[in-house]
Amino acid sequence: MTGDIPTLRHKLSGSELLHVMATHSPLSARLAEEAGFDALWASGFELSALYGVPDASFVSMTQHLDMTRAIAAQVRLPIVADIDTGFGNANNVFHAIREYERAGAAAVVIEDKSFPKVTSLVAGGRQDLVRIEEFQGKIEAALAARRSADFLVIARCEALIAGLGQQEALARCQAYERAGADLLLIHSKSRTPDEIEAFVRAWNGKLPLVIVPTSYPELDAQRIAALGGKVRMVIYGNHAIRAATAAMADTFRRIRADGGALGVQAGIAPVEEIFRLQGMEDFKRLEKKYLR
Ligand code: SPV
Ligand code: MG
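Quantities reported herein were computed from a predicted structural model and do not represent experimental measurements.

For the coordinates displayed, the defined rule picks out four aromatic pairs. Arranged with centres 6.3 Å apart and planes meeting at 10°, the rings of Phe-199 and Trp-203 form a pair that is stacked. On the accessibility criterion, Trp-203 (2% relative accessible area) is buried.

Let us now look at the side chain of Lys-117. Note that Lys-117 resides in the loop between strand 4 (107-111) and helix 6 (132-145). A distance of 3.2 Å separates the side chain of Lys-117 from the side chain of Asp-84, its partner in a polar contact. Those residues in contact with Lys-117, other than ones at most four positions away along the chain, are Asp-55, Ala-56, Ser-57, Asp-84, Thr-85, Glu-111 and Arg-126.

The full set of residues close to ligand 1 is Trp-41, Ser-43, Gly-44, Phe-45, Asp-55, Asp-82, Ser-120, Leu-121, Arg-156, His-187 and Gly-237. Phe-45 has a polar backbone atom sitting 2.7 Å from an oxygen atom of ligand 1. At 2.7 Å from an oxygen atom of ligand 1 is found a side-chain nitrogen or oxygen belonging to Asp-82. The fraction of the free accessible surface of ligand 1 (280 Å²) that becomes covered by protein chains is 99%.

Here we come to the domain arrangement of the chain. What the domain assignment reports for the chain is domain 1 (8-240) and domain 2 (245-290). Inter-centroid distance (C-alpha atoms) of domain 1 to domain 2 is 32 Å.

Another aspect to go through is a nonpolar patch on the surface. A cluster of nonpolar residues, Leu-286, Tyr-290 and Leu-291, forms a patch on the protein surface that exposes about 330 Å² of accessible area. By the element assignment, Leu-291 lies in the segment after helix 12 (280-290).

This part covers the nonpolar core. In this structure, Ile-83, Tyr-100, Phe-199 and Ile-211 are the most contacted members of the largest nonpolar core, which totals 49 residues. Aside from chain neighbours lying at most four places away, what touches Ile-211 is Ile-186, Ile-196, Tyr-216, Leu-219, Ile-224, Val-231, Met-233, Val-234 and Ile-235. The next biggest cluster of nonpolar side chains, apart from the first, holds 31 residues, and it includes Ala-29, Met-67, Val-80 and Met-233.

What follows covers the packing of helix 4 (residues 61-74) against helix 5 (residues 90-103). Helix-helix packing is characterised by the crossing angle of the two axes and by the distance between the axes. Their axes nearest at 9 Å, the elements helix 4 and helix 5 cross at an angle of 25°. Considered as vectors, helix 4 and helix 5 are oriented roughly parallel to each other. Here helix 4 contributes Met-61, His-64, Leu-65, Thr-68, Arg-69 and Ala-72 to the contact with helix 5, which in turn contributes His-95, Ala-96, Glu-99, Tyr-100 and Ala-103. Broken down by class, the residue content of the contact of helix 4 with helix 5 amounts to six nonpolar, three polar and two charged.

Right, let's get into helix 7 (residues 165-178). Given a rise of 1.5 Å per residue, 14 residues ought to cover 20 Å, and the 20 Å separating the end C-alpha atoms of helix 7 matches this to within 8%. Of all the positions in helix 7, only Ala-169, Leu-170, Arg-172, Cys-173, Ala-175 and Tyr-176 are classed as buried. Structurally, helix 7 contributes buried residues whose contacts are with helix 6, strand 5 (152-157), strand 6 (183-186) and helix 8 (194-202). Once helix 7 ends, the next one or two residues include Gly-180, with phi positive near 110°.

What counts and what doesn't
Residues numbered from 1 in each chain as written. Chains lettered and ligands numbered in written order. Predicted model: local features only at pLDDT ≥ 70, side-chain atom pairs only at ≥ 80, totals over all residues. Heavy atoms only, no water. Phe/Tyr/Trp six-rings, centres within 6.5 Å; stacked < 30°, edge-to-face > 60°. Buried < 20%, exposed > 50% of the residue type's maximum accessible area, 1.4 Å probe, protein only. Helix = DSSP H or I, 4+ residues; strand = E, 2+ residues; numbered from the N terminus. Polar contact = N/O pair within 3.5 Å; in protein donor to acceptor, adjacent residues only side chain to side chain. Contact = heavy atoms within 4.5 Å. Near = heavy atom within 4 Å. Areas by Shrake-Rupley, 256 points an atom, 1.4 Å probe, with all protein chains shown as cover. Domains from an automatic or database assignment. Patch = residues over 30% accessible without salt bridge, like charges linked within 9 Å, V, L, I, M, F, W, Y side chains within 5 Å. Salt bridge = Lys/Arg side-chain N within 4 Å of Asp/Glu carboxyl O. Core = buried A, V, L, I, M, F, W, Y, C linked by side-chain atoms within 4.5 Å. Axes fitted to C-alpha atoms, helices over the stretch in contact; angles between N-to-C directions. Parallel < 35°, antiparallel > 145°, perpendicular 65-115°, else oblique. Nonpolar A, V, L, I, M, F, W, Y, C, P; charged D, E, K, R; others polar. Expected span 1.5 Å × (residues − 1).

Here's what the structure looks like:
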């Protein structure tokens, strides 16, 4: 525990599945916190989308770090930072870990793709992986760089995404466990849960698993529990930006079609709700107390 805020490691010591919501801003992070999520996913995909660019190593470490720091300043939930490939080689990973830990992240996820990466879920995307030994070096650099053992290093295996099959994915995950990773994220873009369920059943390592069931949302908490407790964390990888995009597009279309904003009034957040999320109460209290 850090003060009265449970660390991610502490939360993982229980038997409950942790539900982790994607965020791209302090506002979306605060909404996820209020909705009762266990932790936040500081998503590279969401930040890239926010800037209108592909999730292909276009957003810099500094941009993603600024977002992570701003979120950490506003919420009390642990943040799992998506650091893609670690922004370069093992040396870059070492530097990134120091920065992300200082910025207030509770964990990082590093993926075994080559830099620059291409987003995982896009059809026909180039999915090149680095050699196993190279990625083990990145994991070891991350572990050596962290100041606190409570800061978790999650190794993400993209072998299924790259179409290399279950045997390669298992061999890589075993190698990443040997390198000392704290958890393993196994990703799949299959349209059904079969591929991931088969992987989870075949996994006989010690490390707990993390999954991102974006393309197979049928794999809910109940079905994950039926896999026997090997999956400890589920990340809702892009649901904040997709929800915001659908809501904005719908509202904008309607205002244009109606020639005014009356029709959308009841369906959008009242200004007072935005004031609340901005902390206007505190602002007014401080103003009253100190402005003379
Ligand atoms: C992200 O949200 O940036 C992720 C998850 O890495 S995914 O886009 O599914 O690869
Ligand atoms: Mg990502």
